[in-house]
Amino acid sequence: MLQIRFVALLSLLFFVLVPVCQAVAAELVVYSSRKEQLLKPLFDAYTKETGTEISFVTGKIDALLKQLKEEGRESPADLLLTSDAGNLWHASMQGLLQPIRSKVLVKNIPEHLYDPQRRWFGLSLRARTIVYSTERVNRNDLSTYEALGDPKWNKRLLLRTSNKVYNKSLVAMFIAEEGEEKAEQLVKSWVDNLAADPLAKDSQVMDAIVDGQGDIGIVNTYYFGHLMRENPNLKLALFWPNQESTGVHVNVSGGGVLRSAKHRKEAVKFLEWLSSEKAQNLYADVVLEYPVNPRVQASKEVAAWGDFNQNKLNLSKAGELQTAATRLMERVGYN
Ligand code: FE
């Protein structure tokens, strides 16, 4: 009898204690498409400073969005972190993110880098810019994105595939800026100048330039940073186009608070902390991106690529015009 009571007591304790322990252990749950090694230093710093424990799940963005939809209101997730405004916009359109009122976020982040409805905020910035062979290209011959369609670059241009969200967002921003017709002419002129079929990754675009398959391409800045960190002697350099006009195209990695959030206040606090000077320094240094917070300087390594004027169109356009961009790229045969 006593034994049965003891077992009953134990199982009662188990059911009472286990959920409590879980709740204490995880005060904030993050779903992220960014890699663990990029996130961990930030999470650890936040836990050290505030005592708030963070647990996280990482995966591809499509899989995470699918999981969030399936979990619905029962999802344990408080925050979504991902790269590219196109992805953030997509999450917000699926009704997964809630609007945030935060004076801190609005003060720390420039207006073109967050959702006008404030469901997502950019937390680090990357430019999608020109990379070229310093052996075969004279820097003085470079000027704009549009000029990459000039006959002088025939069979010399390398691009990543059009199905990557980075390129969809880039083309969407051209549509927002110049209208669909001009954007189509621009992208078609690039396709006409391709030296090879579009490549699967930004890093492959740079490898192909090094190998001499082409002379010039378009990549995100942090890929250049990581490649040059490994091989500082590569004959590659970045160029900032459209400095007299519309500016370099930028995008963000960022985040938003999920509708399912059980720790809403904590989640907002964490986002605010990510936009703070301390976290921005840490974030930008680890990922080789630019801080979004204008009061924070880029790391030495990144600052060495030089200053540039950036395009100030609101990045929500990258989402809104994503479908139009995809169709446009199909029409001109950009695969
Ligand atoms: Fe990337």
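Our structure's up above, just so we're on the same page.
To start, this report covers the structure provided alongside it. (Residues numbered from 1 in each chain as written. Predicted model: local features only at pLDDT ≥ 70, side-chain atom pairs only at ≥ 80, totals over all residues. Heavy atoms only, no water.)

**What to know about the overall build of the protein chain**
When its secondary structure is counted, the protein chain shows 14 helices and nine strands. Expressed along its principal axes, the backbone C-alpha trace of the protein chain runs to roughly 90 × 40 × 40 Å. Taking all 335 residues of the protein chain together, 51% fall into the buried category. Considering only intrachain contacts with a sequence separation of at least 6, the fraction spanning at least 24 residues in the protein chain is 79%. (Helix = DSSP H or I, 4+ residues; strand = E, 2+ residues; numbered from the N terminus. Buried < 20%, exposed > 50% of the residue type's maximum accessible area, 1.4 Å probe, protein only. Contact = heavy atoms within 4.5 Å.)

**Notes on the nonpolar core**
Leu-80, Trp-190 and Phe-270 are the most contacted members of the largest nonpolar core, which has 105 residues in total. Excluding residues that lie within four positions of it along the chain, Trp-190 makes contacts with Tyr-145, Leu-148, Gly-149, Leu-157, Leu-159, Leu-170, Phe-174 and Ile-218. (Core = buried A, V, L, I, M, F, W, Y, C linked by side-chain atoms within 4.5 Å.)

**So, helix H2 (residues 36–50)**
With 15 residues, H2 extends 20 Å from end C-alpha to end C-alpha; this agrees with the ideal 21 Å at 1.5 Å per step. When H2 is considered as a whole, its buried residues turn out to be Leu-38, Leu-39, Leu-42, Phe-43, Tyr-46 and Thr-47. An end-on view of H2 places all buried positions within 140° of arc, on one side of the element. Exposed and oriented more than 90 degrees from the buried face of H2 are Gln-37 and Lys-48. On the buried face of H2, the contacting elements are strand E1 (28–32), strand E2 (54–58), strand E3 (79–83), helix H10 (264–274) and helix H11 (277–287). (Expected span 1.5 Å × (residues − 1). Arc of directions from axis to C-beta.)

**A short note on the pattern of salt bridges**
This model, assessed by the stated rule, comprises 19 salt bridges. A salt bridge links Asp-115 to Arg-119; the nearest nitrogen and oxygen atoms lie 2.7 Å apart. Across the pair, Arg-119 and Asp-115 agree in class, each one buried. Between Asp-202 and Arg-160 there is a salt bridge, with the nearest N and O atoms lying 3.0 Å from each other. With Asp-202 in helix H8 (residues 202–210) and Arg-160 in the loop between strand E5 (157–158) and helix H6 (165–178), this residue pair connects regions lying 42 residues apart in the sequence. Here the two residues Asp-202 and Arg-160 agree in accessibility, since each one is buried. (Salt bridge = Lys/Arg side-chain N within 4 Å of Asp/Glu carboxyl O.)

**Looking at the environment of Arg-295**
With respect to the helices, strands and loops of the structure, Arg-295 is situated in the loop between strand E9 (290–291) and helix H12 (300–303). In this structure Arg-295 comes out as partly exposed when scored by relative accessible area, which is 40%. For the pair Arg-295 and Gln-280, spaced 15 residues apart in the sequence, the C-alpha separation amounts to 9.6 Å. Apart from the residues lying within four places of it in its own chain, the contact partners of Arg-295 are Lys-107, Asn-108 and Glu-277. A polar atom in the side chain of Arg-295 sits 3.5 Å from the side chain of Glu-277. (Polar contact = N/O pair within 3.5 Å; in protein donor to acceptor, adjacent residues only side chain to side chain.)

**Some thoughts on the packing of H6 against helix H14 (residues 322–331)**
Across the interface, H6 lies against H14 with an axial gap of 8 Å and an inter-helix angle of 100°. The angle between the axes of H6 and H14 places the two elements in the roughly perpendicular class. Residues Val-165, Asn-167, Lys-168, Ser-169, Val-171, Ala-172 and Ile-175 of H6 form the contact with H14, whose own contacting residues are Gln-322, Ala-324, Ala-325, Thr-326, Leu-328 and Met-329. For the contact of H6 with H14, the class distribution of residues is eight nonpolar, four polar and one charged. (Axes fitted to C-alpha atoms, helices over the stretch in contact; angles between N-to-C directions. Parallel < 35°, antiparallel > 145°, perpendicular 65-115°, else oblique. Nonpolar A, V, L, I, M, F, W, Y, C, P; charged D, E, K, R; others polar.)

**Some remarks on the coordination of the iron ion**
Taken together, the protein ligands of the iron ion are Tyr-166 (OH), Tyr-222 (OH) and Tyr-223 (OH), with distances of 2.0 to 2.1 Å. For Tyr-222, a relative accessible area of 9% puts it in the buried group. Among the residues examined, Tyr-223 registers a relative accessible area of 23% and is labelled partly exposed. (Donors = N, O, S within 2.8 Å, 3.2 Å for Na, K, Ca; no water.)

**With respect to the pairing of E1**
Among the five residues of E1, five are classified as buried, and the element is accordingly described as predominantly covered. Judged from the five bridges that link them, E1 and E2 form a sheet pairing that is parallel. Paired with Tyr-31 across the strands is Val-57, a residue of E2. In this fold, the crossover linking E1 to E2 by way of H2 has right-handed handedness. In the sheet, E1 pairs with E3 via three bridges, with the strands oriented parallel. (Pairing = 2+ DSSP bridges. Right-handed = clockwise from strand over helix to strand, strands pointing away.)

**Here we look at the environment of Leu-148**
By the element assignment, Leu-148 lies in the loop between strand E4 (121–133) and E5. Leu-148 gets classed as buried once you look at its relative accessible area, which sits at 1%. Spatially, the C-alpha atom of Leu-148 lies 9.2 Å from that of Ile-130, the residues being 18 residues apart in sequence. The contacts of Leu-148, once residues within four sequence positions are left out, are Ile-130, Trp-153, Leu-157, Trp-190, Asn-193, Ile-216 and Ile-218.

**A word on the side chain of His-112**
Take His-112: it is sitting in the loop between helix H5 (103–108) and E4. Judged by its relative accessible area of 7%, His-112 is buried. When sequence neighbours within four positions are dropped, the list of residues in contact with His-112 reads Gln-310, Asn-311, Lys-312, Leu-313, Asn-314 and Leu-315.

**Considering helix H7 (residues 180–192)**
Helix length check: H7 (13 residues) gives 18 Å between terminal C-alpha atoms against 18 Å at 1.5 Å per residue, within 8%. For H7, the full list of buried residues reads Ala-183, Leu-186, Val-187, Ser-189, Trp-190 and Val-191.

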